[in-house]
Amino acid sequence: MSLSKLVLRSMKKNMKHYYLYFFALIFSVTLYFSFVTLQNNSAVWDAVQMSGTATAGFKAATYILYFIVLFFVLYANHLFMKRRSKEIGLYQLIGMTKGLIVRLLAIENILLFVGAVILGMLAGFFSSRVFAMILLRVLEKEALVTMTFSTQALQQSMIVFTILLLIVLIQMAWMIHRVSLLSLFTAAKQADERVRRFSALQMAIGFMGLVLIAYGYYASTKLFDIESAGNLFINMIIILATTIGGTFLVFRFSVAFIMNTIRLKKKGHLSIQDVLALTPIMHRMKSNAKSLTLITVLTGVSLGVTTLSYISYYSSEASAYSQVPGDFILLEGQGMSFLNALEKNNIAYDKVDYRLQGVTASVGQLMSKKQQDNPLYDMEGTIYTIPLSDYKKSVPEASLSGKDVILTNYGGYMAEMFPLEKDRDVEVSAGELEETFHVVDVHDKSIISGIVTAGGGGPIFVVTDDMFKSLTTQSEYYPWHQQSSITITTAKEDLVMAEKLYVQTNAGVITTKDHEGKTQQYTQSSYEEKRKDNIESLGLTIFTTAFLGLAFLMTTGSILYFKQMSEAEEERGSYTILRKIGFAEKDIMRGIYMKQAFNFGVPLIIGLLHSYFAVKSGWFLFGTELTAPLWIAMCCYIALYTIFAILSVGYYKKVVRESL
């Protein structure tokens with residue numbers, strides 16, 4: 001028989017095994033080609049107007065995606081080779097050399113790769129339009145997305161998957177040459193570990209794994225404390241090492257120990273559910289520990305990165321409002337032509353005026369003594385004050401007396417990293433005038449433009465009207481003295497018109513003089529313009545991280561699913577015996593349900609915990625809202641893992657039914 005006929009017969013015979021590997025290849029090509037095609041879609045990027053930094057980030061994501069695909073295909077190929085180990089052993093037994101077997105399998109892999117690349121590119125070509133539409137939707141852009149075939153994407157994908165094919169062939173040849181004939185016949189039936197008794201050392205190591213994870217979680221909550229700020233990088237490495245190491249020890253020792261303890265307590269009276277759930281999990285945990293640790297860590301990392309990106313995107317409106325607390329901001333009485341234009345076009349609006357007076361103070365006086373090492377502790381800067389009567393326009397219930405003040409406009413990451421305390425005295429100066437304020441409350445309500453507060457989120461003092469009058473005697477030392485917040489009260493169409501009028505009248509161009517008499521010019525954006533800027537800068541980030549997160553999720557979920565399919569085939573004989581001695585399908589499936597709940601649930605739960613504590617440690621650096629983005633991202637991961645678990649259970653049910 002010629003080699004070509006042997007290849008065709010082998011592929012036909014192994015069709016039930018090939019579809020698993022073939023799906024992995026098609027999925028990988030589709031994922032990669034759709035992303036690269038999107039990257040080379042000029043119509044999309046003309047609408048997006050992507051910056052150089054964003055372009056570099058998008059290209060970096062392409063390399064990350066390739067490593068995800070490489071990991072996925074290599075694992076699928078390893079699993080496929082393991083399932084065919086007995087066949088490879090038979091080839092050697094009848095006299096075929098290892099070199100001839102390598103050539104046989106190489107031809108099969110080349111044919112599979114060619115077919116997968118063709119089908120994957122077709123699927124990727126059509127799916128790229130869907131991803132392009134999603135990207136434009138995220139960026140709130142309107143553009144006609146056409147089906148364009150990119151020859152550059154084709155060339156790049158061909159090069160990438162040719163390299164991947166060479167790596168797979170090398171992996172395959174290495175696996176065949178390194179194993180013995182006997183090991184090939186037993187590879188698919190090897191018990192991973194027969195656990196009879198646990199030593200005290202193993203018990204201690206298992207407990208240590210739980211301690212390491214707990215320590216990693218605790219240390220993450222203290223990561224951005226002032227005491228830890230100087231050793232931030234070292235602390236991050238320690239947290240990462242203890243969490244990953246603890247996860248491996250939990251899977252390697254703790255789980256098997258817990259399962260063995262449960263089994264021993266039954267004193268030999270094991271139910272069919274115990275036989276099908278506890279025992280396989282316990283016996284396979286030695287070899288599964290590495291893969292489960294990797295899957296858990298990948299799940300935690302991808303979910304954490306996706307969540308942080310989504311927090312930034314989700315908080316784009318709140319971030320814009322902290323910079324522009326109103327539809328439009330007018331400073332120093334300038335921009336009156338804009339108001340006249342609104343009135344001329346019958347656009348109704350509310351106008352709230354705030355008088356401003358600067359003082360010089362150090363916010364370190366409002367920090368706790370634990371923050372004495374903070375560089376802001378002794379740093380003096382300009383803090384603006386507003387009179388109580390103006391503040392009551394937005395907070396009617398506010399009240400003050402004497403030298404009491406309310407500190408407001410202080411939120412975001414500054415408030416999280418450098419919290420200020422109330423019921424504290426703070427010394428301020430304005431020119432030759434010196435006063436001591438008593439802070440009675442701290443609010444995070446944004447009322448003053450980010451231009452005034454030097455970037456947004458800076459504190460503002462609310463003082464009594466009498467105190468404000470005394471401070472205004474030193475007004476020449478500070479550039480800002482008045483702000484008007486404009487809110488459009490009519491239909492959305494009027495807001496669109498107001499945006500055009502704001503640009504046409506140059507109301508956002510502010511000119512003022514500093515204390516030295518030098519003229520300074522600032523550009524004040526409208527709220528909608530600032531929000532769109534945030535959307536455009538963060539939208540591509542959330543799209544890219546979500547795409548990579550989906551790739552990670554599909555990879556880890558597919559690996560778990562493939563692994564369960566392989567185990568189901570290995571256990572087919574056991575199900576046949578159980579069916580023959582009288583156990584019903586529903587009795588067997590109960591144990592399988594428990595097993596799948598562990599195999600999919602435990603890595604997911606631990607991965608969710610990893611991502612939660614990682615996100616919780618520094619989410620405030622990325623936005624203003626944690627709960628909603630975190631829950632949305634977690635629910636997506638839970639839903640997709642559930643789908644893989646259901647598919648796995650369905651495959652087990654098919655194997656059980658066919659076992660008799």
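Rules behind the numbers
Per chain, residue numbering runs from 1 following the sequence as it is written. Per-residue local features are limited, in this predicted model, to residues with pLDDT of at least 70; the limit for side-chain atom pairs, both in listing and counting, is 80 or more; totals at the level of whole chains, interfaces and linings are taken over all residues. As a rule here, side-chain values cover all heavy atoms of the structure and leave hydrogens and water aside. Only strands that DSSP links by at least two bridges are regarded as paired with each other. Here a helix means four or more residues in a row that DSSP labels H or I, a strand means two or more in a row labelled E, and each is numbered from the N terminus. The convention used is that axes are lines fitted to C-alpha atoms, helices contributing only their stretch in contact, and that angles between N-to-C directions extend from 0 to 180 degrees. Residue contacts are counted whenever heavy atoms from the two residues lie within 4.5 Å of one another. Angles are sorted into four bins: roughly parallel if under 35 degrees, roughly antiparallel if over 145, roughly perpendicular if 65 to 115, and oblique for all others. Should the near helix be turned anticlockwise from the far one by less than a right angle, the crossing is left-handed, and should it be turned clockwise, the crossing is right-handed. Under the scheme applied, nonpolar residues are Ala, Val, Leu, Ile, Met, Phe, Trp, Tyr, Cys and Pro; charged residues are Asp, Glu, Lys and Arg; polar residues are all the others, including Gly. Note on ring pairs: Phe, Tyr and Trp rings are taken, using the six-membered ring of Trp, and paired if centres are within 6.5 Å. Classes follow the plane angle, with under 30 degrees stacked, over 60 edge-to-face and the rest tilted. Exposure classes here rest on a 1.4 Å probe applied to the protein chains alone. A residue is buried below 20% of its type maximum, exposed above 50%, and partly exposed in between. Over a ring means this: the NZ of a Lys or the CZ of an Arg is within 6 Å of the ring centre and within 35 degrees of the ring normal.

A. Representation of the sheet that holds strand β1 (residues 328-331) in the model. Strand order across the open sheet formed by three strands is β1-β9-β2, with antiparallel pairing between neighbours. The outermost strands of the open sheet, each flanked by one partner alone, are β1 and β2 (349-355). Ignoring which end each strand starts from, the neighbouring axes of this sheet average 20° apart. In the sheet, β1 pairs with strand β9 (residues 482-488) via four bridges, with the strands oriented antiparallel. Directly across from F328, in β9, lies its bridge partner I486. Taken strand by strand, helix α18 (residues 492-504) contacts β1 and β9, and its axis lies near 35° from that of β1.

B. Molecular detail of the packing of helix α13 (residues 316-323) against helix α19 (residues 527-570). Remark: α13 packs on α19, axes separated minimally by 9 Å, with the N-to-C direction vectors making an angle of 135°. With respect to each other, α13 and α19 are oriented oblique. The two elements α13 and α19 cross, and the hand of that crossing is right-handed. Only Y527, K530, R531, N534, I535 and L538 of α19 make contact with α13, whose side of the interface consists of S316, E317, S319, A320, Y321 and Q323.

C. Local environment of unusual backbone geometry. The phi dihedral of N409 is positive, around 70°, even though this residue is not glycine. Along the chain, N409 falls in the loop between β5 (404-408) and α16 (412-417). Phi at N506 is positive, roughly 55°, even though this residue is not glycine.

D. Geometry of the packing of helix α14 (residues 336-344) against α18. Axis separation between α14 and α18 bottoms out at 9 Å; the angle between their running directions is 145°. The chirality of how α14 crosses α18 is right-handed. Residues F338, A341 and L342 of α14 form the contact with α18, whose participating residues are A498, L501 and Y502. Tallied by class, residues from the contact of α14 with α18 come to six nonpolar, no polar and no charged.

E. Focus on the packing of aromatic side chains. Tallied over the entire structure, the rule returns 22 aromatic pairs. Measuring from centroid to centroid gives 5.3 Å for F125 and F126, while their planes differ by 65°, and the two rings are edge-to-face. The exposure class of F126 is exposed, given its relative accessible area of 51%. Seen from the ring of F253, R252 lies directly overhead, with NZ or CZ sitting 4.8 Å from the centre.

F. View of the sheet that holds strand β3 (residues 357-361). If you walk around this closed barrel you meet the six strands as β3-β4-β8-β5-β7-β6, and the pairing is mixed. Going from strand to strand, the sheet's axes swing by 45° on average, the running direction of each strand aside. Bridge count between β3 and strand β4 (residues 381-387): five bridges; the pairing is antiparallel. The residue bridging A361 from the neighbouring strand is G381, located in β4.

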